Amino acid sequence: MNSKRRVVVTGIGLVCALGVGTEETWKNILAGKSGIGPITRFDAHDFATRIAGEVKNFDVLQFLDKKEARKMDLFIHFAIAASDFAVKDARLKITPDIQERVGIDIGSGIGGFSIIEREHIALLEKGPSRLSPFFIPSSIVNLASGQISIRFGAKGPNLAPCTACTTSTHAIGDACRVIAYGDADAMIAGGSEAAITPMGVGGFAAMRALSTRNDEPERASRPFDRDRDGFVLGEGAGVLVLEELEFARRRRARVLAEVVGYGMSADAYHITAPSEDGDGASRVMRNTLQDAGVQPEEVQYVNAHGTSTPFNDKIESAAIKRVFGEHAKKLAISSTKSMTGHLLGAAGGLEAGLSVLTIRDQIVPPTINYENPDPDCDLDYVPNQARKVSITYAISNSFGFGGTNGCIMFKRFDE
């Protein structure tokens, strides 16, 4: 970040198909486990796609009482859980003397799909008088951020981007700039999504965006593999605690990594497909490198958007080669979506957290199910097994419908 105020990561909270909690998720990521299985949230018998990356063993009553939980969609539950984990990890106590300097920036690509579906059925079957008074505040995107602000008494900036699958990368990058420009000293930032519903699965299936490898769910998400046939829908949340460096030092916080670059771009090309020449993806990575003041050859790791769709993986690979040149062959690149599925608006938050853990532990997650090389995808995707790598700089890519792109760069913290 081109600013005198340096921004660091002090806490991580993750909820996904591989774990409710950061360390459980990270352990299963490094083991190369798949969180993909048959859909249990609803009867998917008649759907073309019957598999997803559902969060398992999630007990909302560990985070909220039953009465409060009923007033919120599942995406808000996930956001609260991930924020609780992140704040606890950061050992951040939001006391009255700092609460006006702590903000929230947590978005969602879709928001409360399950509540919207439920209330629509109530409207059609029972009439408008039977709609819940909590329908709107339980389903709109900014209520994850709003509920978390209330929960912690955080009175600083309260934001909630909605930029499709780039949402939480934008949330984290924008939150860093809020800190860098002095509008807050700490931000709880990321994204949450819970779109494994009949309309969510049915809508993406109608676009033919999803994998139909229903008989082999654990092998369905296979980024960069020649036989990939679409993405697998996932759910969950990824949240970081970001702090201005001196603020973190004053409270003797443990620093996990520094955020040094953030880039944005637009394809201005198509509502769902990336531009075929990878222009938007290339520019967002270049913008991030420029913001960080880092040369391409200084980067060691890329957490790729890597959705397991034919177009995205090919175009992202070409964009990486365009930006990094000969150094692209030396990069360790992985798509953790091979294990978690695609969390849509929460993907960037989860993957930013995993990128920081990669720097913390100096180990790169694998891309599982990489079995048959695609000549259009000829880089090092860390196939099937985690790998020890010396990492100073890591970037995380996110690309979304509407051609919206985001990229964020983390650096191993150096006093």
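As a starting point, this report considers the structure included with it.

## A closer look at the pattern of salt bridges
Phase 1: One pass over the structure, following the stated rule, counts 26 salt bridges.
Phase 2: One salt bridge connects Lys-71 with Glu-68, and the closest N-O pair in it is separated by 3.2 Å.
Phase 3: Salt-bridge contacts for Arg-151 lead to Asp-84; the nearest nitrogen and oxygen are separated by 2.8 Å. With a gap of 67 residues between them, Arg-151 in helix 6 (residues 143–152) and Asp-84 in helix 3 (residues 74–90) connect regions that are remote in the sequence.
Phase 4: With a relative accessible area of 34%, Arg-151 lands in the partly exposed category.
Phase 5: We classify Asp-84 as buried; its relative accessible area is 18%.
Phase 6: Among the charged side chains, a network of salt bridges with common partners joins Arg-213, Glu-216, Arg-219, Arg-222, Asp-225 and Glu-371.

## A word on the pairing of strand 14 (residues 393–400)
Taken residue by residue, a regular strand's side chains alternate between the two faces of the sheet.
Phase 1: Counting buried residues along strand 14, eight of its eight residues qualify, which places the element largely inside the surrounding structure.
Phase 2: Neither face of strand 14 is left uncovered, since the one carrying Tyr-393, Ile-395, Asn-397 and Phe-399 and the one carrying Ala-394, Ser-396, Ser-398 and Gly-400 both have all their residues buried.
Phase 3: Strand direction decides the pairing type here: strand 14 and strand 15 (residues 404–411), joined by eight bridges, are antiparallel. By the bridge assignment, Ser-398 is partnered in strand 15 with Gly-406.
Phase 4: Between strand 14 and the antiparallel strand that follows it, strand 15, lie three residues; Gly-402 among them carries a positive phi value of about 85°.

## Comments concerning unusual backbone geometry
Phase 1: Even without being a glycine, Phe-224 presents a positive backbone phi close to 70°.
Phase 2: Residue placement: Phe-224 occurs in the loop between helix 8 (198–206) and strand 8 (236–244).
Phase 3: In this structure, Ser-308 takes a positive phi of about 85° despite not being glycine.
Phase 4: Inspection of the secondary structure puts Ser-308 in the loop between strand 10 (301–303) and helix 11 (310–324).

## Some thoughts on the side chain of Asp-313
Phase 1: If you trace the backbone, Asp-313 turns up in helix 11.
Phase 2: Using a relative accessible area of 0% as the deciding quantity, one classes Asp-313 as buried.
Phase 3: Polar contacts involving the side chain of Asp-313 include one to the main-chain amide nitrogen of Phe-224, which spans 2.7 Å.
Phase 4: Polar contacts involving the side chain of Asp-313 include one to the side chain of Asn-312, which spans 3.1 Å.

## Description of the packing of aromatic side chains
Phase 1: Per the stated rule, a full pass over the model turns up eight aromatic pairs.
Phase 2: Through a chain of ring-to-ring contacts, three or more aromatic side chains come together here, namely Phe-58, Phe-63, Phe-78 and Phe-85.

## Remarks on the pairing of strand 15
Phase 1: Of all eight residues in strand 15, eight are buried, a share of seventy percent or more.
Phase 2: Side chains Thr-404, Gly-406, Ile-408 and Phe-410 of strand 15 all project onto a buried face; the interleaved residues Asn-405, Cys-407, Met-409 and Lys-411 project onto the opposite face, where all are buried too.
Phase 3: Sheet topology note: the strand 9 (residues 257–266)/strand 15 ladder contains eight bridges and is antiparallel. If you follow Tyr-262 over to strand 15, its bridge partner there is Ile-408.

## Some details on the nonpolar core
Phase 1: Counting residues in each nonpolar core, the largest one holds 42 residues, and the members touching the most others are Val-9, Ile-12, Ile-172, Leu-240, Leu-242 and Phe-410.
Phase 2: Tallying contributions element by element places helix 13 (residues 347–361) first for this core, with seven residues.
Phase 3: Of all hydrophobic cores here, the second largest spans 37 residues; its members include Ala-69, Ile-98, Ile-104 and Ala-186.

## Regarding the side chain of Asp-225
Phase 1: Along the chain, Asp-225 turns up in the loop between helix 8 and strand 8.
Phase 2: Polar side-chain contacts of Asp-225 include one of 3.1 Å to the side chain of Arg-222.
Phase 3: A distance of 2.6 Å separates the side chain of Asp-225 from the backbone nitrogen of Asn-372, its partner in a polar contact.
Phase 4: Residues in contact with Asp-225, not counting those within four places in the same chain, are Asn-369, Tyr-370, Glu-371, Asn-372 and Asp-374.

## Observations regarding helix 11
Phase 1: For helix 11, built from 15 residues, the straight-helix expectation of 21 Å at 1.5 Å per residue is met to within 8% by its first-to-last C-alpha distance of 22 Å.
Phase 2: Tucked inside the fold, the buried residues of helix 11 contact helix 10 (279–292), strand 10, strand 11 (332–334) and strand 14.
Phase 3: Gly-325 sits one or two residues past helix 11 and shows a positive phi near 60°.

## Digging into the state of the cysteines
Phase 1: Here the structure, examined in full by the defined rule, presents zero disulfides.
Phase 2: Free of any disulfide, Cys-162 has its nearest neighbouring cysteine sulfur in Cys-165, separated by 10 Å.
Phase 3: Of the residues examined, Cys-165 reaches a relative accessible area of 10% and is grouped as buried.

Parameters and conventions
- Residues numbered from 1 in each chain as written.
- Predicted model: local features only at pLDDT ≥ 70, side-chain atom pairs only at ≥ 80, totals over all residues.
- Heavy atoms only, no water.
- Salt bridge = Lys/Arg side-chain N within 4 Å of Asp/Glu carboxyl O.
- Helix = DSSP H or I, 4+ residues; strand = E, 2+ residues; numbered from the N terminus.
- Buried < 20%, exposed > 50% of the residue type's maximum accessible area, 1.4 Å probe, protein only.
- Pairing = 2+ DSSP bridges.
- Polar contact = N/O pair within 3.5 Å; in protein donor to acceptor, adjacent residues only side chain to side chain.
- Phe/Tyr/Trp six-rings, centres within 6.5 Å; stacked < 30°, edge-to-face > 60°.
- Core = buried A, V, L, I, M, F, W, Y, C linked by side-chain atoms within 4.5 Å.
- Contact = heavy atoms within 4.5 Å.
- Expected span 1.5 Å × (residues − 1).
- Disulfide = S-S within 2.5 Å.

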